[in-house]
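Notes for the structure review
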Amino acid sequence: MIKLYGAPRTSAGRCYFLLEELGVDYEAAPLDMKAREHQSSEFLKLNPNGKVPCLIDDDFVIWESLAINQYLAEKYKPELLGSTPQEKGRIQQWSIWSLVELQTPMVDVIIQTLFMPEEKRDHGVIDRAMKRIPVALQILDDHMEGRTYIAGEKITLGDFNVASIVNIANTVKVPLTPFPNISQWMARMTERPSFKKYFQLRNN
Ligand SMILES: N[C@@H](CCC(=O)N[C@@H](CS)C(=O)NCC(=O)O)C(=O)O
C-alpha cells in the first residue's frame, strides 16, 4: 500500500496529481506542518530533510517530488517516461527546469507574501522573483509553440510535473493570458479528471 506524506497544497501536489492519473490506491498523510509534524523524530526517520513529500510503498521509502513521480511512473505507467533517449532527456530537462527556474521564484513570492508578516517582508526578494517568473514562462511558452505536450504529441510525465508548477502562477497572481501556448496546453491538462481531483484536494 502506498502512503503519501504531505498536503496537496505543498510540493506533494504533483505526486497527488500523478497518483490520481495512474488510478493507484493510496493513503494520504497530510501532516500538520504548523504543529511541525514534519520535524517529528518519527517523520525524520523517513525523510531526514524534514520535508514533504515523502512516499512509502510497502517498505520502500522515497523523497523528492520529482524522484517520487519518476518512481511511480516507472512502476505503474512506464510509457509516461518516453521511449527514446531524446524524449526521456526532454522530460527530465523540463521537469528539472520547472522546479529550479519556475518554482523557485514562485516559492519566494509565496513565502514573502503569505507567510511573512508585513513588517518582515523583503520587497526586493518579491520584486526580483516577480521579474523572473514571466521570463521563465516566456521560455516555456516559446517551447510550447506548435506542440501539444511538453515532449511532443504524447502526454508524458513532464506534463504532470511542469503543469503542477505552472498551476502555482494563480497563487502568486501571475496571469497566463500573455502566454497563449501555455494557456492552451494548461487547458488540455486541467480538463483531465486527475487534475480536477488534484485541484479539489488542493482546495479542501
Ligand atoms: N525539492 C523538494 C522540496 C520539498 C519542500 O521544500 N517541501 C516543503 C513544503 S512545499 C517543506 O516540506 N518544507 C518544510 C520545511 O522546510 O521545514 C521536493 O520537490 O520534494
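The present account deals with the structure reproduced in this document. (Residues numbered from 1 in each chain as written. Predicted model: local features only at pLDDT ≥ 70, side-chain atom pairs only at ≥ 80, totals over all residues. Heavy atoms only, no water.)

**Here's the deal with the site of the ligand**
Taken together, the neighbourhood of the ligand is formed by Thr10, Ser11, Arg14, Met33, His38, Gly50, Lys51, Val52, Pro53, Glu64 and Ser65. Within the contact set of the ligand, an oxygen atom lies 3.3 Å away from a side-chain nitrogen or oxygen of His38. Val52 has a polar backbone atom sitting 2.8 Å from a nitrogen atom of the ligand. When the ligand sits alone it has 510 Å² of accessible area, and the protein chains cover 70% of it. (Near = heavy atom within 4 Å. Polar contact = N/O pair within 3.5 Å; in protein donor to acceptor, adjacent residues only side chain to side chain. Areas by Shrake-Rupley, 256 points an atom, 1.4 Å probe, with all protein chains shown as cover.)

**Here we look at a nonpolar patch on the surface**
Side chains of Val107, Ile111, Leu114 and Phe115 sit close together on the surface and give an oily, nonpolar patch of about 390 Å² of accessible area. With respect to the helices and strands, Ile111 occurs in helix H4 (residues 85-115). (Patch = residues over 30% accessible without salt bridge, like charges linked within 9 Å, V, L, I, M, F, W, Y side chains within 5 Å. Salt bridge = Lys/Arg side-chain N within 4 Å of Asp/Glu carboxyl O. Helix = DSSP H or I, 4+ residues; strand = E, 2+ residues; numbered from the N terminus.)

**Comments concerning the sheet that holds strand E1 (residues 2-5)**
Pairing is mixed across the open sheet formed by 4 strands, whose spatial order is E2-E1-E3-E4. A strand with exactly one partner marks an edge of an open sheet, and here the two such strands are strand E2 (26-29) and strand E4 (60-63). Neighbouring strand axes in the sheet, compared pairwise and without regard to direction, differ in orientation by 20° on average. In terms of strand pairing, strand E3 (residues 54-57) meets E4 through 4 bridges, oriented antiparallel. If you follow Cys54 over to E4, its bridge partner there is Trp63. Those strands touched by helix H1 (residues 13-22) are E1 and E2, and its axis lies near 160° from that of E2. (Pairing = 2+ DSSP bridges. Axes fitted to C-alpha atoms, helices over the stretch in contact; angles between N-to-C directions. Contact = heavy atoms within 4.5 Å.)

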